[in-house]
Amino acid sequence: MSANQSIKLQSLVYRDFLRSSLIPLLVMEVLLLVLYFGINLYISDKNRTILVSEAKQSLSEIATNEALRINQHLMEVTRSAKIMQLDHELFFNSERCFLPNGKPVFDTHPNGAFYKINPVRTSVYYSSSTDIGERESTKAICSESLDPLLKAIVDTNPSVTQAYLNTWDDMNRLYPFMPDAPAQYGPALEMENFNFYYDADQRHNPSRGNVWTEVYLDPAGQGWMLSNLVPIYRGNFLEGVSGLDVTVESFVENILNHQFPWDSSALVIDEKGTILAMQEKAEDLLGLQELKHHTYESNVTDTVTKSDQFNLFQRLSLPEDEFRSLIIANVTQEVWVNGIHYIVDSKLIPETGWRIITFSNMKSFLTPISELKSLSDHLGYLAILAMVIFYVIFFMFLHWKSKRFALDIATPIEALTDATNKLGKHWDIDNLVDSKVDEIKRLSQNFHGMSTELKSRTEELVESTIKIRLQVKEKELLAKLARTDSLTGIP
């Protein structure tokens, strides 16, 4: 606005109210809101940091305990396998031949396999590639003495599904009894082609101790499993390999069955990163379905292991070396998997060298903080809404108030202005407006007094002027009459 441009009193008052009261109040409100949201964000971040730290520590402790618990389960299987190894080596190093189940009955299957036909305790299968002579027949019969221990191990350990002995000449003794072993195995079963045999031979296991296999497809029809193997030696000759089978389903149900907090899931991997077993939640996390069952469309004649899609190092969207280092470091880390933020913990299972990996969804335990922050934010938004409504009403009130205030000032001033304009033409100044403002009220009173006095003095001046003019006129008339008399001679 230019210096010469005039402004109405109402606008002047309104702007003055706005500058002196509303703007400072509005700035203060904004600062308070910024302070509120800032403190809310700081407290939320601080609580999140503390909670994540505590969750990592708790998850690490839980994972450590779970690794030890799984280790105990696996050690029980290992001890049972060790007992089985001692018993089977005793059998081959002695002439023990007692028949706890009575004399077994054998027959030759149409496919050429030699097998036990009476369904008592264990099943016996001899590959058709083996010529069955007196030695083989005696071994098949006398090995019945192994049945009580095989049965005891399976019946007392819920994790163990099968117990067996596989010999160098392709004989298989298996508990529990397999109804039609020749049909399941096929005519020829070469033990050296399977990991449940060669993993424990002299080349792969020179220490002759227990060996755990990776997950493989069981030729006996039990689906996907892993085995604890022990070699059976007679002197330096490998008579065979005995083993205890743990199916993937049994592993999940009996060993990997701990319910983790915070919507967590767990899985077990071997040294190569292959997933040996995983909980149902881990299946959802990785987009994989655990191989608990298998439909046998043909005989299994070679080792079948899990495909590469079950390799955890390749499954996650992290560089293999980076993730492998993360897993081996035994440090609780935060990673993103399929767009979800997880806390990942890795713990070693000493018995096997495997690792239990736990994934905990951070959203699950951060939900209370997120909900509290959301509630605080909503309260802040409500405060903003209330502030907006308040200031809209306040603006309206201020406009009305400034208008009323300006009218209280302007109306008497305008009346004075009108009276000033009329002064000298009309002496009626009864339209002056009374004001509540003392200065304006006194100004009106003074103007009224001034106009009254001016009227009085003007009237006096007019009367005086008229009187003087009358006197002058009278003198002029007398003088005129005198001249007239002198001319006419009238005395």
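Structural data are supplied above this passage.
Draft legend 1. Representation of the state of the cysteines. Taken as a whole, this structure holds one disulfide when the rule is applied. Two residues, Cys97 and Cys142, share a disulfide whose sulfurs are 1.9 Å apart. The disulfide joining Cys97 to Cys142 has a torsion of about -80° about its S-S bond and is therefore left-handed. Here Cys142 lies in helix α2 (residues 134–142) and Cys97 lies in the loop between α1 (9–92) and β1 (106–108), a separation of 45 residues in the sequence. Cys97 gets classed as partly exposed once you look at its relative accessible area, which sits at 39%. Accessibility expressed as a relative area gives 10% for Cys142, which makes it buried.

Draft legend 2. View of the pattern of salt bridges. What the rule picks out here adds up to eleven salt bridges. Glu239 is the partner of Arg234 in a salt bridge, and the nearest nitrogen-oxygen pair spans 2.6 Å. Beyond isolated ion pairs, a larger network of salt bridges with shared partners links Lys116, Glu144, Asp147 and Arg173.

Draft legend 3. Highlighting the nonpolar core. Membership of the largest hydrophobic core comes to 68 residues, with the highest contact counts inside it found for Ile70, Phe251, Val268, Trp354 and Ile356. Sorting elements by how many residues they give to this core places α1 first, with eight residues. Formed by 17 residues, the second largest nonpolar core is a distinct cluster that contains Ile269, Ile275, Leu288 and Val344.

Draft legend 4. Up close: the environment of Tyr36. Inspection of the secondary structure assignment puts Tyr36 in helix α1. Since its relative accessible area comes to 33%, Tyr36 is described here as partly exposed. Along the backbone, Tyr36 and Asp377 are 341 residues apart, and their C-alpha atoms lie at a distance of 9.2 Å. Excluding residues that lie within four positions of it along the chain, Tyr36 makes contacts with Ser376, Leu379 and Gly380.

Draft legend 5. Quick peek at helix α3 (residues 147–156). Among the residues making up α3, those that are buried are Asp147, Leu150, Ile153 and Val154. The arc that holds the buried residues of α3, viewed along the axis, is 135°, so those residues lie on one side.

Draft legend 6. Layout of the sheet that holds strand β11 (residues 275–278). In spatial order, the strands read β11-β10-β14-β13-β12; together these five strands make up an open sheet with antiparallel pairing. Single-partner strands in this sheet number two, and they are β11 and β12 (333–337). Within this sheet the neighbouring strands show an average axis-to-axis angle of 30°, counted without direction. In terms of strand pairing, strand β13 (residues 340–349) meets strand β14 (residues 354–361) through eight bridges, oriented antiparallel.

Cut-off values and rules
- Residues numbered from 1 in each chain as written.
- Predicted model: local features only at pLDDT ≥ 70, side-chain atom pairs only at ≥ 80, totals over all residues.
- Heavy atoms only, no water.
- Disulfide = S-S within 2.5 Å.
- Helix = DSSP H or I, 4+ residues; strand = E, 2+ residues; numbered from the N terminus.
- Buried < 20%, exposed > 50% of the residue type's maximum accessible area, 1.4 Å probe, protein only.
- Salt bridge = Lys/Arg side-chain N within 4 Å of Asp/Glu carboxyl O.
- Core = buried A, V, L, I, M, F, W, Y, C linked by side-chain atoms within 4.5 Å.
- Contact = heavy atoms within 4.5 Å.
- Arc of directions from axis to C-beta.
- Pairing = 2+ DSSP bridges.
- Axes fitted to C-alpha atoms, helices over the stretch in contact; angles between N-to-C directions.

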